[in-house]
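# Structural description and commentary
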Amino acid sequence: QAQFVESGGALVQPGGSLRLACVFSGRDLGPYWLGWYRQAPGQQRELIARVSPGGDDYYDDSVKGRFIATRDNRKNTVHLQMNSLKPDDTAVYYCNIALATLEPWGQGTQVTVSA
C-alpha cells in the first residue's frame, strides 16, 4: 500500500496563494494518475485536480485557471499551487491515486480561506 503525507495548508486571506505538497511512499505510483482531493465541512470528498504519469493536468471547473498540479516522480511528490483563493476553497486537502483504486487516505492538510 502507498502512504501519503500532505503538508502546506494554512489560514490565508481571500486572494492569497498557497502551495501544498504531498510525499508518497510504499509503492511505485509512477504509472498512475495522481489526484488532489478536498473535503469541505459537511461535504463529500471531491477530486479537483489530477496529473497523468507524463504530467498532463486536468481540473475541476471550480479551480480551473487558479490551481496548478504538478508531480515529480523521482522525488515521489505531488504539488498543488493554489492562487486567487476564495472562501469556498476552505477544506481539508488530500492526495491519492486518481482514476484507479484508491489507496488509504493520509491525514490531509487544512486550508482555511478567511479574512
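First, a word on scope: everything that follows refers to the structure included in this document. Predicted model, so just to flag it, every value in this text is computed and none were measured.

## Points about the side chain of Asp89
Here Asp89 is to be found in the loop between strand S8 (77-82) and strand S9 (91-98). A distance of 2.9 Å separates the side chain of Asp89 from the side chain of Arg38, its partner in a polar contact. Within the local environment of Asp89, its side chain forms a polar contact with the side chain of Arg66, the two groups lying 2.8 Å apart. The contacts of Asp89, once residues within four sequence positions are left out, are Arg38, Arg66, Phe67, Ser84, Val111 and Val113.

## Considering the side chain of Thr90
Relative to the helices and strands, Thr90 resides in the loop between S8 and S9. Within the structure, the side chain of Thr90 is placed 2.9 Å from the backbone nitrogen of Val113, a separation counted as a polar contact.

## A short note on the sheet that holds strand S10 (residues 109-113)
Strand order in the open sheet formed by 6 strands is S2-S10-S9-S4-S5-S6, with mixed pairing between adjacent strands. Each edge of the open sheet is held by one strand with a lone partner, namely strand S2 (11-12) and strand S6 (57-59). Two elements, S2 and S10, share 2 bridges in a ladder whose sense is parallel. Bridging across to S10, Val12 finds its partner in Val113.

Calculation rules
Residues numbered from 1 in each chain as written. Predicted model: local features only at pLDDT ≥ 70, side-chain atom pairs only at ≥ 80, totals over all residues. Heavy atoms only, no water. Helix = DSSP H or I, 4+ residues; strand = E, 2+ residues; numbered from the N terminus. Polar contact = N/O pair within 3.5 Å; in protein donor to acceptor, adjacent residues only side chain to side chain. Contact = heavy atoms within 4.5 Å. Pairing = 2+ DSSP bridges.

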